[in-house]
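# Examining the three-dimensional arrangement
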Amino acid sequence: MCLAQPGITKAQAGNAQPDTLRLTLKETEKVFFEKNLQLLAAHYNVQADSALIQQAKLWDNPVLNTDQNIYSNNAWFEHGKNPDGTPKGQYYIQVQQLIQTAGKRGKQIKLAATNATITQWQFNDLMRNLKMQLRSDFYTVYQLENNRALYQQEQEQTNTLLKAMSSQLSAGNIARKDYLRIQALQIGLQQDATDNEKQLSDVQAELKTMLQITGDTYVKPVMENISIPSMPSQNLEDLVSTARQNNAAYQLQKLQVQFQQQNLALQKALAVPDVTLGPNYDQNSNYTPHYVGLGISLPLPVFNRNQGNIKSARYQIKQEETNMQMVDQQLQNDVMNAWKKLQYTLQLSTNSQQAFYDDYGKLYTNIVESYKQRQISLIEFTDYFEAYKDIRQKQIQQELNVQLAKEELNRQVGTDVIQ
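Residues take numbers from 1 onward in each chain, read along the sequence in its written order. Predicted model: local features are reported for residues with pLDDT of at least 70 only, side-chain atom pairs are reported and counted for 80 or more only, and whole-chain, interface and lining totals are derived from all residues. Excluding hydrogens and water, the side-chain figures rest on all heavy atoms present in the structure.

## With respect to unusual backbone geometry
- Positive phi outside glycine occurs at Q212, with the angle close to 55°.
- Using a 1.4 Å probe on the protein chains alone, a residue whose accessible area is under 20% of its type maximum counts as buried, one over 50% counts as exposed, and one in between counts as partly exposed. Looking at Q212, the relative accessible area reads 35%, which means it is partly exposed.
- Phi is positive for N306, close to 60°, though the residue is something other than glycine.
- For N306, the location among the structural elements is in the loop between β10 (291–297) and α8 (307–347).
- Take N306: its relative accessible area is 12%, and that puts it in the buried class. By definition, any uninterrupted DSSP run of H or I lasting at least four residues is a helix, any uninterrupted run of E lasting at least two residues is a strand, and each is numbered from the N terminus.

Here it is as structure tokens:
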């Protein structure tokens, strides 16, 4: 079965193995942004908090009060006029409107807007972290596949050697200990290959979950234009400045300070009494029939002037400002740490290092042939065999470390400063 996804070329789909989905990093991210349910749920939360801004802009509804006589003079709902023309019965109508003072409504709108911005940055933070995890899994699968190829290569060589040595052992031309030594190498390779497959299965499961892919499908990374990145063109100070504009944790803490400052302004405004205005009509229960009046009411701030909430809001500002200092220090340290790790990692990815790996690979091929021709001893062969596996694993791990260090710096800065 060949699975085709949006963004996958026909050539890729045609070359795909059964139950294999070939994706470049760009295509993987496209599927991720379209299908990841965690991102979709967070996006709905952003929309929900944005709707609260509209709610904060709405005026309070007017209140209708009415009252009328139900039973009087042995009669129900007696209304109308008396013989002398005066009103009979009584009903009262009043409409009241709350008027918020001290700019409370505007301050509530600002709080709602800040809260919506906080939710948006939380979404950005989630998206950035998930994107980092997605890329890490993508590169890790590629690394584990390279390990698999290494183990398969060495297993093929040990199988060939064991097949040839088996007949030599039967003929008495080699010692059994030499045969067992190569067999031990084979068993060790099988164990390493099994452990590698287990790790690959775990990473595949995580990657498929992020892409919302189910079933017995294997996601195979297609690496395009893989090259050793360079250090960013910006200096460390500029990177920290960029991070202050794009790092979600920093922006969220900055918004927390702003939110508490706005909350203090609102709490002070709440100490100012609101006014309730309302015209009223009284048919027959006042000093004169058909009375029309205007009611004004407001609480007197004698005992409760919102002192506790105002004091609490001031301390919350101090708390968030202190947290802001800590977050700023952490941001600087995290960016510097990511920058240094990338620098250290790139120092191991020089051209001379690559030349060493290439030369060592050629030497390994010669060593295998030399052992087949009895030009070197078993001890020398096994030493080179184990050393080659170790060197090749370090090379594969180094390639992964470069990509992970690059992505870590991008995550700390909050934007892709290195492609």
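On we go from here.
## Structural notes on a nonpolar patch on the surface
- Where nonpolar side chains cluster on the molecular surface, the patch consists of W59, I99, L277, L294, I296, L298, L300, V302 and F303 and spans about 1000 Å² of accessible area.
- Secondary-structure assignment places L298 in the loop between β10 and α8.
- Residue L298 is classed as partly exposed on the basis of its relative accessible area of 45%. Patch definition: residues with relative accessible area over 30% and no salt bridge; like charges joined within 9 Å; nonpolar side chains (Val, Leu, Ile, Met, Phe, Trp, Tyr) joined within 5 Å. For the accessible areas, the method is Shrake-Rupley and the probe is 1.4 Å, while residue cover comes only from the protein chains on display. Put simply, a salt bridge is a Lys or Arg side-chain nitrogen that is within 4 Å of an Asp or Glu carboxyl oxygen.

## Regarding the pairing of strand β7 (residues 91–99)
- In this description, strands pair whenever DSSP reports at least two bridges between them. Sheet topology places strand β2 (residues 63–68) next to β7; six bridges connect them, and they run antiparallel. Within β7, the residue paired with D67 across the bridge is Y92.
- Direction of pairing for β7 relative to strand β9 (residues 275–282): antiparallel, over a ladder of six bridges. Residue I99 lies in a different strand from β9, and its bridge partner there is V275.

## Some words on empty space enclosed by the protein
- The pocket and cavity definitions rest on a 1 Å grid over protein atoms only: a 1.4 Å probe that fits but cannot leave marks a cavity, an open set with protein on both sides within 12 Å along at least five of seven lines marks a pocket, and residues lining either have an atom within 4 Å of a point. Grid points are joined across faces, edges and corners, and a volume is the space filled by probe spheres set on the points. Under the criterion given, the structure shown has one cavity of 30 Å³ or more.
- Counted as a void, the largest cavity has a volume near 40 Å³.
- At the level of secondary structure, the elements contributing two or more residues to the lining of the largest cavity comprise α4 (104–170) and α10 (378–413).
- Per element, the largest residue contribution to the lining of the largest cavity is four residues, and it comes from α4.
- Looking at the lining of the largest cavity residue by residue, the class counts come to one nonpolar, one polar and five charged. As a working rule, the residues Ala, Val, Leu, Ile, Met, Phe, Trp, Tyr, Cys and Pro are called nonpolar, Asp, Glu, Lys and Arg charged, and the rest polar, with Gly in that last group.

## Topic: the nonpolar core
- Core analysis: the largest hydrophobic core is formed by 23 residues, its most contacted members being M165, I182, Y371, F381 and F385.
- Of all the secondary structure elements, the ones that give two or more residues to this core are α4, α5 (176–211), α9 (351–372) and α10.
- With six residues, α9 is the largest single contributor of residues to this core.
- L21, L134, V203 and M210 belong to the second largest nonpolar core, which has 21 residues in total. Residues belong to a common nonpolar core when they are buried Ala, Val, Leu, Ile, Met, Phe, Trp, Tyr or Cys residues joined through side-chain atoms within 4.5 Å.

## Comments concerning α4
- Between its first and last C-alpha, α4 extends 96 Å over 67 residues, near the 99 Å set by a 1.5 Å rise per residue.
- G172, located one to two residues past α4, shows a positive phi value of around 80°. By this rule the span expected of a helix is its residue count minus one, scaled by 1.5 Å.

## Overview of the layout of surface pockets
- Of the voids in this model, the largest pocket is the one considered here, and its volume is about 470 Å³.
- Along the wall of the largest pocket there are 20 residues; nearest its centre are L25, Y139, E224, K406 and Q419.
- Here the lining of the largest pocket is composed, by residue class, of eight nonpolar, five polar and seven charged.

## Some details on the pattern of salt bridges
- Tallying each qualifying case throughout the model produces 16 salt bridges.
- A salt bridge links D178 to K177; the shortest N-O distance between them is 3.2 Å.
- Judged by relative accessible area, which is 18%, D178 ranks as buried.
- Here D192 and K389 are joined by a salt bridge, their closest N and O atoms 2.8 Å apart. Placement of D192 in helix α5 and of K389 in helix α10 is noted, with a sequence separation of 197 residues between them.
- For D192, a relative accessible area of 23% puts it in the partly exposed group.
- For K389, a relative accessible area of 10% corresponds to the buried category.
- Here the salt bridges do not stand alone but share partners, grouping E29, R128, K131, R135, K406, E407 and D416 into one network.

## Side note on the environment of G85
- The residue G85 is located in the loop between β5 (80–81) and β6 (87–88) in this model.
- Note: C-alpha distance between G85 and S370 (285 residues apart in sequence) is 130 Å.

## Notes on the environment of T242
- Mapped onto the fold, T242 is located in helix α6 (residues 236–246).
- Owing to a relative accessible area of 22%, T242 belongs among the partly exposed residues under this scheme.
- Residues contacting T242, with those up to four places away along its chain left out, are V413 and T415. For this analysis, residues touch if any pair of their heavy atoms sits within 4.5 Å.

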